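Breakdown of the fold
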Amino acid sequence: MRSSTLLRRLNSLSPTMSGVRHYGYRTMSSLSLSLSASSAIEHTHEVSDLIHEYASKQQTPISLNDMMMLNVISDTTGDHSGVGQIRQKRVIREQMLMNMAEMLQEELPIRLAHRIQDLDSMAVLQGMPSVQQVRSVYLSSFLDLLQQPKPSSPQAEQDFGRLLQNLYQNHSNVLRQMARGVLELKFEHPEVDHRLSMADEAFLDRFYMSRVGIRVLAGQYLALRHQLLNDPMENIPKQYVGMISRETSPNRVVQKAIEDATILCKQQFGGEAPQVQVSGRLQLTFCYIPTHLHYILLELIKNSMRATMEYHKDSKDKPPIRVAIADGRENEDVIVKVSDEGGGIPRSEMDKIWSYLFTTASPQVQQDFFNATKQLGATENGAVLAGLGYGLPLSRAYSRYFGGDLDMMSMEGYGTDAFCHLVRLADRAPLPV
């Protein structure tokens, strides 16, 4: 059955479908209504067939070069200030946004359908209530995108932009919901013993890697819309193309991560935090997404601060944490190393640090999160999820999505070195789907 026929049939499923169609334009307070609507229709043959059809399509790899096409437009349209030139720029930019919106309307449902099928195939976590809520969010977004009119005019593109902005916000709780799903499994099945099967861990790695890709695509489009339509035409920041900075400074991102980690550390340890020393290529800049780099470095520095404070709790003078930034003409990667003297990690625990079920958080912290998720408002800033076994695996997913990696070496009784490998994003290599 063709997707157009399926969509016509879905549109006739009132009032059930009407509860889902405009989900993207609702506030978060009505999220439960949308989830209920999704649950009511998710077992219909029409929806199942539609998910299967889109999941059978191949996902399209997209490079950072594709997402940075604003640079081409800015360079080719010149810097003229005449009324005609400004109008021409606006027409060109509107057309670029329509092209990008059409690409996203075609690509995002395919990726969402793949993730829905992945969630359905994961036997261990599939039955957890929070994971089912995640599935409902993905299903609602999938259907909303398919039913949105093609963004082939400026007005239709604006409507699509508003829809995607709301869906982007609605998906911001997915990490927290999945973390809660893992805790539901842990508390309801204590025999799991802090471990998932290799297949389950691989699924979560793949799921989160794909989620990074979906949010990069949507976030890049939304950031470009903001730049093109809200900023003065002549004052678009030269270094930014959407959310990508062509002049990302690891040193500046490190300094911001130190500032944020210090606040968190002082909150936990009575106003104390170890010093951080930064060395190496402090003037280096390269093409990257600063917010992603900040997430990774905040996790590493925060972990080092916590380990240092706990290992040296009886010492007045805490040893400093050392951050080194390395790069050179012959270097394959930009590398940031975070070193501490926080006592290290036992060799038998090293494999566990990448597991989504392994955590050093106290049972009380885990229980508090499990019972009162809404009161712990942090979702993707590393302040809460990192203490629940998600910080390091997610940081590695962010690193690997752009072709880098995250490695750990530890000396028990002394400390730990974390190596963040970052690939310059100026190349044309396609990103994972």
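Residues numbered from 1 in each chain as written. Predicted model: local features only at pLDDT ≥ 70, side-chain atom pairs only at ≥ 80, totals over all residues. Heavy atoms only, no water.

For strand E8 (residues 415-422), the buried fraction is high: six of the eight residues fall into the buried class. Sheet topology places strand E6 (residues 334-340) next to E8; seven bridges connect them, and they run antiparallel. From the neighbouring strand, Val-334 faces E8, where its bridge partner is Leu-422. As judged from the seven bridges shared by strand E7 (residues 405-411) and E8, these two strands associate in the antiparallel manner. Within E8, the position partnered with Met-408 by the bridge is Ala-418. Between the end of E7 and the start of E8, which pair antiparallel, lie three residues, with Gly-413 showing a positive phi angle near 90 degrees. (Buried < 20%, exposed > 50% of the residue type's maximum accessible area, 1.4 Å probe, protein only. Helix = DSSP H or I, 4+ residues; strand = E, 2+ residues; numbered from the N terminus. Pairing = 2+ DSSP bridges.)

Bringing the packing of helix H12 (residues 250-268) against helix H13 (residues 290-311) into the picture now. Taken N-terminus to C-terminus, the directions of H12 and H13 make an angle of 45 degrees; their axes are 8 Å apart at the nearest point. Considering their axes alone, H12 and H13 lie oblique with respect to each other. In the crossing of H12 with H13, the sense of the turn from one axis to the other is right-handed. Of the residues in H13, those in contact with Pro-250, Val-253, Val-254, Lys-256, Ala-257, Ile-258, Asp-260, Ala-261, Thr-262, Leu-264, Cys-265 and Gln-268 of H12 are Pro-290, Leu-293, His-294, Leu-297, Leu-298, Ile-301, Lys-302, Met-305, Arg-306 and Met-309. The residue inventory of the contact of H12 with H13, partitioned by class, reads 15 nonpolar, three polar and four charged. (Axes fitted to C-alpha atoms, helices over the stretch in contact; angles between N-to-C directions. Parallel < 35°, antiparallel > 145°, perpendicular 65-115°, else oblique. Left-handed = near helix turned anticlockwise from the far one by under 90°. Contact = heavy atoms within 4.5 Å. Nonpolar A, V, L, I, M, F, W, Y, C, P; charged D, E, K, R; others polar.)

Below, the discussion takes up the side chain of Ser-130. With respect to the helices and strands, the residue Ser-130 is situated in helix H8 (residues 129-147). Given a relative accessible area of 2%, Ser-130 falls into the buried group. Discounting residues that sit within four places of it in the chain, Ser-130 has contacts with Gln-177, Arg-180, Gly-181 and Glu-184.

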